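Here is what each chain is made of, one letter per residue.
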Amino acid sequence: MAFQQTLMDALTRYHRMRGDATLWQPGTDHAGIATQMVVERQLNAEGKKGSDLGREAFIERVWEWKEQSGGTMASQMRAWATRWNWSRDAFTMDPPRSAAVTETVRAVV
C-alpha cells in the first residue's frame, strides 16, 4: 500500500505544481473482496458462513468491521502526510456512493 500511495502522492503533487487542476479523492472501500474475506473468516471462526446470514445481516457485519478498522488506512495516510483533500473523504458504502453504484448498475443492465 505504501508504494502505491507514494506514487499517487508524487503524481498529484507534480501535476499540482505544473498548475493542473488536481484532486486526490480520499476514501476507503470496505465493500471489496478483501473485506468480504475478512468478514467470512470471522464468520468461519464462529462456525458460520456468509450465506447463513443473508444479505442484510452480512452487510451489517461489514459495517461492524468498518467501525473497528475503518480509520486505520486514513490514519496511516495522515501520518505519511499525503496530499489528500481530507474534507472530501468518502466510504464506498455511504448512502450517496452506494446509490451511485446502484444507479450505474441499473443503467448498464
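In case you missed it, the structure is sitting above this.
Draft legend 1. Quick look at the packing of helix H2 (residues 33–45) against helix H4 (residues 55–69). For the pair H2 and H4, interaxial distance at closest approach is 10 Å and the crossing angle is 105°. The angle between H2 and H4 falls in the class roughly perpendicular. Contacts between H2 and H4 involve Thr35, Gln36, Val38, Val39, Glu40, Gln42 and Leu43 on the former and, on the latter, Phe58, Arg61, Val62, Trp65 and Gln68. Here the contact of H2 with H4 is built from residues that sort into six nonpolar, four polar and two charged.

Draft legend 2. Representation of the environment of tryptophan 84 in the model. With respect to the element layout, tryptophan 84 can be found in the loop between helix H5 (71–79) and strand S2 (90–91). Assessed through its relative accessible area of 8%, tryptophan 84 is described here as buried. Tryptophan 84 sits 17 residues away from valine 101 along the chain, and the two C-alpha atoms are 23 Å apart. Not counting residues within four places of it along the chain, the set of residues in contact with tryptophan 84 comprises Gln5, Trp24, Pro26, Gly27, Met73 and Met77.

Rules of the game
- Residues numbered from 1 in each chain as written.
- Predicted model: local features only at pLDDT ≥ 70, side-chain atom pairs only at ≥ 80, totals over all residues.
- Heavy atoms only, no water.
- Axes fitted to C-alpha atoms, helices over the stretch in contact; angles between N-to-C directions.
- Helix = DSSP H or I, 4+ residues; strand = E, 2+ residues; numbered from the N terminus.
- Parallel < 35°, antiparallel > 145°, perpendicular 65-115°, else oblique.
- Contact = heavy atoms within 4.5 Å.
- Nonpolar A, V, L, I, M, F, W, Y, C, P; charged D, E, K, R; others polar.
- Buried < 20%, exposed > 50% of the residue type's maximum accessible area, 1.4 Å probe, protein only.

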